[in-house]
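# What the coordinates show
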Amino acid sequence: MFGFLCKTLRRSATDVQNSSFFLEVASVVLVRGFSSSSKKISKPADQQKQKCSVTVSYLVNRRGLLPKTASSSAFEKEDSHSESSEGTPPPVVGFLKNHGFSDAQISKHITILLVSCNLERTLLPKIEFFISIGITGPDLTRILTQNPKIWSRSVIKGLAPCYGFIKSVVFSNDKAAASLKRAPRMLLCNIQTNIAPNVASLRNIGATQPVVSFLVSSYPNTLLRTKAKFEKRVREVLELGIDPANSVFVHALKVFAGTTESTRERKKAVFRRFGWWMMRLCWP
């Protein structure tokens with residue numbers, strides 16, 4: 001660009017003294033140069049807009065999202081699966097439908113999955129993991145719909161170790177699967193810092209293997225507390241004189257973990273009206 005400017009100035013040496021001529025030539029050359037550069041820079045952005053326009057159209061026309069919501073979702077990440085024609089469902093929609101997701105469930109996922117997930121690397125491994133442990137059909141779609149963050153968890157580093165730990169406690173594939181069906185949030189936890197310490201606390205107070213297994217498979221949400229809060233509930237149950245080697249301990253712990261102290265006091269007051277004997281039979 002500047003070479004052309006110099007040649008022009010040499011050919012018109014006598015006119016260079018005319019400042020208006022110099023400014024005119026320089027302006028033309030510089031403006032053309034910057035105009036060309038801006039077109040090159042804006043091309044990728046235009047391509048991304050074209051890519052996302054299909055996604056926005058689909059989200060608005062087929063999924064009922066507001067244009068502003070659909071637009072923000074589409075530009076969240078570059079969509080490698082939005083090459084379909086306008087109004088045609090991207091591959092991820094067909095993928096989810098093929099695995100039993102309803103239209104309502106897909107609508108909840110679509111703003112996250114449509115623009116950010118790779119079918120082979122992100123979605124398929126999770127589906128295969130659940131199928132391999134015996135969670136299929138409505139249970140599978142419910143778990144993933146209610147806990148969409150599972151899609152972003154690594155099977156090797158997150159999901160599989162969680163299942164492996166639960167299985168090591170309950171000694172059964174079916175019970176481990178049942179535990180995850182009841183508390184799929186466990187798949188989002190760090191086993192070693194959230195669940196394992198609570199299981200160890202039960203064993204330390206004398207809970208037998210059948211009792212621990214019963215709690216993990218039947219009331220796994222009870223374990224989804226910090227160690228300090230979990231041990232506080234355990235102490236409260238022990239103060240009632242309930243033997244931790246008895247399955248009644250599990251039922252009592254469930255009640256204490258799921259209710260506040262004020263709620264329990266109100267229930268106790270009701271039992272007292274009928275005499276302590278009935279409280280002993282019905283509490284917890």
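Here, the structure is the one placed above.
First things first, this report covers the structure right here in the doc. (Residues numbered from 1 in each chain as written. Predicted model: local features only at pLDDT ≥ 70, side-chain atom pairs only at ≥ 80, totals over all residues. Heavy atoms only, no water.)

## A word on the overall build of the chain
The number of helices and strands found in the chain is 15 helices and zero strands. Relative to its full complement of 284 residues, the chain shows a buried share of 40%. Considering only residue pairs separated by 6 or more positions, the chain has 66% of its internal contacts joining residues 24 or more positions apart. On the chain, roughly 16,300 Å² of surface is accessible, and the fraction owed to carbon and sulfur atoms is 56%. (Helix = DSSP H or I, 4+ residues; strand = E, 2+ residues; numbered from the N terminus. Buried < 20%, exposed > 50% of the residue type's maximum accessible area, 1.4 Å probe, protein only. Contact = heavy atoms within 4.5 Å. Areas by Shrake-Rupley, 256 points an atom, 1.4 Å probe, with all protein chains shown as cover.)

## Focus: the pattern of salt bridges
Tallied over the entire structure, the rule returns four salt bridges. In this structure, Lys97 engages Asp103 in a salt bridge whose closest nitrogen and oxygen atoms are separated by 3.5 Å. A salt bridge links Glu236 to Arg233, with the nearest nitrogen and oxygen atoms 3.1 Å apart. Pair noted here: Glu236 and Arg233 are both in helix 12 (residues 227–238), with a separation of three residues, about one helical turn. Among the charged side chains, a salt-bridge network with shared partners connects Asp139, Arg142 and Lys181. (Salt bridge = Lys/Arg side-chain N within 4 Å of Asp/Glu carboxyl O.)

## Remarks on the packing of aromatic side chains
In this description, an aromatic ring pair is defined by two values, namely the gap between the centres and the angle between the planes. For the structure shown, the criterion picks out four aromatic pairs. Between Phe129 and Phe130, the aromatic rings sit 5.3 Å apart at their centres with planes inclined by 70°, giving edge-to-face as the arrangement. Relative to Tyr219, the ring of Phe214 has its centre 5.9 Å away and its plane inclined at 75°; by these criteria the two rings are edge-to-face. A connected cluster of aromatic rings, assembled from ring pairs, spans Phe129, Phe130 and Tyr163. (Phe/Tyr/Trp six-rings, centres within 6.5 Å; stacked < 30°, edge-to-face > 60°.)

## Some words on the nonpolar core
A general feature of soluble globular proteins is that nonpolar side chains tend to end up buried together. The biggest cluster of nonpolar side chains holds 54 residues, and the ones touching the most others in it are Phe130, Leu180, Ile195 and Leu202. In terms of residue count, helix 8 (residues 155–170) provides more of this core than any other element does, eight residues in total. When residues no more than four places from it in sequence are discounted, the contact partners of Ile195 are Phe165, Met186, Cys189, Asn190, Leu223 and Leu224. (Core = buried A, V, L, I, M, F, W, Y, C linked by side-chain atoms within 4.5 Å.)

## What about helix 4 (residues 91–98)?
Within helix 4, burial applies to Val92, Val93, Phe95 and Leu96. The buried residues of helix 4 occupy an angular sector of 160° when the element is viewed end-on, so they sit on one face. Phi turns positive one or two residues past the end of helix 4, at Gly100, with a value near 95°. (Arc of directions from axis to C-beta.)

## Digging into the environment of Arg153
Position of Arg153 among the secondary structure elements: in the loop between helix 7 (137–146) and helix 8. Residue classification places Arg153 among the partly exposed positions, given a relative accessible area of 24%. Setting aside residues up to four positions removed in sequence, Arg153 forms contacts with Lys126, Gly158, Leu159, Leu187, Leu188 and Cys189.

## A look at the packing of helix 6 (residues 119–132) against helix 8
Helix 8 packs onto helix 6 with a crossing angle of 15° between their chain directions and a minimal axis gap of 11 Å. When the axes of helix 6 and helix 8 are compared, the pair comes out roughly parallel. Relative to helix 8, helix 6 is oriented so that their crossing is right-handed. Where helix 6 abuts helix 8, its residues Pro125, Lys126 and Phe129 lie against Val155, Leu159, Ala160 and Tyr163. (Axes fitted to C-alpha atoms, helices over the stretch in contact; angles between N-to-C directions. Parallel < 35°, antiparallel > 145°, perpendicular 65-115°, else oblique. Left-handed = near helix turned anticlockwise from the far one by under 90°.)

## A closer look at unusual backbone geometry
Unlike most non-glycine residues, Phe171 shows phi in positive territory, near 60°. With respect to the helices and strands, Phe171 occurs in the loop between helix 8 and helix 9 (173–182). In this structure Phe171 comes out as exposed when scored by relative accessible area, which is 62%.

## Remarks on the side chain of Ser179
Its location among the elements puts Ser179 in helix 9. Beyond its immediate sequence surroundings of up to four residues, Ser179 is in contact with Ile166, Met186, Val216, Ser217 and Pro220.

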